[in-house]
Structures are given as C-alpha cells and as structure tokens.
Amino acid sequence: MDSQANILPVYFVADESGSMASVIDKLNTGLVSLHDAMLKESQAAAKVRMTILAFNDTTRCLMDLVDLRTLEMMPTLSPSGTTAYSAAFKDLRSRIESDVDRLKQQEFQVHRPAVFFLTDGVPNDNDPWKAALDELRSSSWTRRPNVLAFGVGSADARVVTEIASKPEFAFISPDGTDTGDAIAKFMESLTQSIVSSGQALASGNAQLQVEPPKGFSLAVDLLP
C-alpha cells in the first residue's frame, strides 16, 4: 500500500473539571499553537487524524478524527464538574473501535492509536476507572492504544503511572510547580510529539515519537 495511506489516530483527552478553571486558558491557547504548528508541517499533518475529548463528570467530543489541515479553528474547553476517568476510558474504547473501522473503510493503513491523557487531580471516589482502563488496554484487543499520561497540579503519581501503557509514558510535574506553566510545557510537548510522529510516519518510520514535557519527571520516579 502507498505510504501516503498510512494514518496515526491521535486522541487528546483533557481534564476540564472545575479545578481547571484558573488554567484552562493555557490549555486553549496551547491548542491554537498546536494547530498553527501542524499547518506549517503539512507532510506530518497529513499522517495524523486528531480527536479531542474533554471530561469531567461525563465526556464530550470536541473534535472528531480531524485532518488538522482542513480545520479553521480549534475547539475550546470550559471547566465545570468533577473528575470521572471511567467516562473517558469507556468513550475511548468504543470510539477507537469505530474510528479504526471508518479509517480502514477509507482504505487507510491505521497505526496503533496514541492517547495523550492530561489530568490535574485524582478520579472521583467510587469511580470504576480501573475496570474501564483494563478494557481500554486489554492485551486481547488488537486495537488497544498507546496511552501516555500527564499529571499536573494535584495529580497523583501512582495513578498517572497506572494509566500509562508503560512507565516511560507517565509524566508528572513536581510539587510546587505552577500549574499554568506546567500545562504550557505539556502543550509544547504534545505539539512536538504529534509533529515528530507525523514526520516519522511520512518517512516510513511507524515508531511513536514522545517528547517529554520540560520540567516534568517520570511519575514512576516519584512513587513512595
């Protein structure tokens, strides 16, 4: 198959619970910068289809499997509610299944999806997020994504480590780090990771490229 038909589905899953109110502007500004960067990297952008999911008590899709070269304006997040990780993981499980089917029907060769999960806190009490995560990352599911987890603010290093597919895919901003600054650094790393992954795929390298956020630590290194 022509290499032009290779596609990487990318899912940015963003916490928009009420605790994000003071820093949501940093996130929205970062999305605009990501879009601008992808427009300047058309070969990389051609290899990516991006979805943006926002979660609090529920999950909503702000952008559905979009070629960023065709997008006029990025969506914006609006903080409210509490933090239900399970809603996001359940949505991803069903969404990825249908998205891969859709892309294959369009005769694309689909590479393993990449999920970039950002949170500034911990899941609600009694939220069955571990069961939902197990379904998303099940080894028996051939379409399971690579999950990268990023924690800022009050995020728990142990939880962030559990969410990520591999320990080296879990990052957290150290205690005392300004949350707004951490989100800005995360958005820079998200942008570079997507651009680099698209460039790699365009050159025939299917390896996911991960750019760690500046100032973040591997979450596993901060476990007690």
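Remember, predicted model here, so these are calculated numbers, not experimental data. Starting afresh in each chain, residues are numbered from 1 along the sequence in its written order. Selection of residues for local features in this predicted model requires a pLDDT of at least 70, selection of side-chain atom pairs for listing and counting requires 80 or more, and totals for whole chains, interfaces and linings are taken over all residues. Hydrogens are left out, water is left out, and the side-chain values use all remaining heavy atoms of the structure.

## Let's talk about the packing of helix H3 (residues 85-105) against helix H4 (residues 129-136)
And then number 1: Axis definition: a line fit to C-alpha positions, over the contact stretch in the case of helices; interaxial angles, taken between N-to-C directions, run 0 to 180 degrees. Secondary structure elements follow DSSP: runs of H or I no shorter than four residues count as helices, runs of E no shorter than two count as strands, and numbering proceeds from the N terminus. Close contact between H3 and H4 brings their axes to 8 Å; oriented N to C, the two are set at 20°. The angle between H3 and H4 falls in the class roughly parallel. Both H3 and H4 take part in a crossing whose hand is left-handed. Between H3, through Tyr85, Ser86, Phe89, Lys90, Leu92, Arg93 and Ile96, and H4, the contact on the second element is made entirely by Trp129, Ala132, Leu133, Glu135 and Leu136. Each angle is binned into one of four classes, with values under 35 degrees roughly parallel, values over 145 roughly antiparallel, values of 65 to 115 roughly perpendicular, and all other values oblique. Left-handed describes a crossing in which the near helix is turned anticlockwise from the far one by less than a right angle; the clockwise case is right-handed. Any two residues whose heavy atoms approach within 4.5 Å at even a single point are treated as in contact.

## Concerning the packing of aromatic side chains
By convention here, two paired aromatic rings are described through the distance between centres and the angle between planes.
And then number 1: Here a Phe, Tyr or Trp ring, Trp counted by its six-membered ring, pairs with any other such ring whose centre lies within 6.5 Å, and the pair is stacked when the planes are under 30 degrees apart, edge-to-face when over 60, and tilted otherwise. One pass over the structure, following the stated rule, counts 10 aromatic pairs.
And then number 2: Only when the NZ of Lys or the CZ of Arg is both within 6 Å of the ring centre and within 35 degrees of the ring normal is a charge said to sit over the ring. Stacked on the ring of Trp141, the Lys or Arg Arg93 has its end atom at 3.8 Å from the ring centre.

## Let's talk about the environment of Ser193
And then number 1: With respect to the helices, strands and loops of the structure, Ser193 is situated in helix H6 (residues 179-202).
And then number 2: For each residue, the accessible area found with a 1.4 Å probe, counting protein chains only, is set against the maximum for its type, and the residue is called buried under 20%, exposed over 50%, and partly exposed in between. Here Ser193 falls in the buried class, since its relative accessible area comes to 2%.
And then number 3: Sequence separation of Ser193 and Glu211 is 18 residues, and the distance between their C-alpha atoms is 5.2 Å.
And then number 4: With near-sequence residues (within four places) excluded, Ser193 lies in contact with Phe116, Gln209, Val210 and Glu211.

## Digging into unusual backbone geometry
And then number 1: If you check the backbone angles, Leu65 has positive phi at about 50° while not being a glycine.
And then number 2: Positionally, Leu65 belongs in strand S3 (residues 59-66).
And then number 3: The phi dihedral of Glu107 falls on the positive side, at around 70°, and the residue is not glycine.
And then number 4: According to the relative accessible area criterion, Glu107 is exposed, its value standing at 61%.

## Regarding H3
And then number 1: Multiply 1.5 Å by the residue count of a helix minus one, and that product is the helix's expected span. With 21 residues, H3 should reach 30 Å at 1.5 Å per residue; the first-to-last C-alpha distance of 30 Å fits that figure.
And then number 2: Among the residues making up H3, those that are buried are Tyr85, Ser86, Ala88, Phe89, Asp91, Leu92, Arg95, Ile96, Asp99, Val100 and Leu103.
And then number 3: Of the residues trailing H3, Glu107 is marked for its positive phi of about 70°.

## Description of the pattern of salt bridges
And then number 1: Basic side-chain nitrogens of Lys or Arg form a salt bridge, by our definition, when they fall within 4 Å of a carboxyl oxygen of Asp or Glu. Within this structure, the stated rule accounts for 11 salt bridges.
And then number 2: A salt bridge links Arg143 to Glu97; the nearest nitrogen and oxygen atoms lie 3.0 Å apart. Remark: Glu97 occurs in helix H3 and Arg143 occurs in the loop between H4 and strand S6 (146-151); sequence separation between them is 46 residues.
And then number 3: When its relative accessible area of 18% is taken as the criterion, Arg143 is described as buried.
And then number 4: Put simply, Asp64, Asp91, Arg95, Asp99 and Arg102 are held in one network by salt bridges that share partners.

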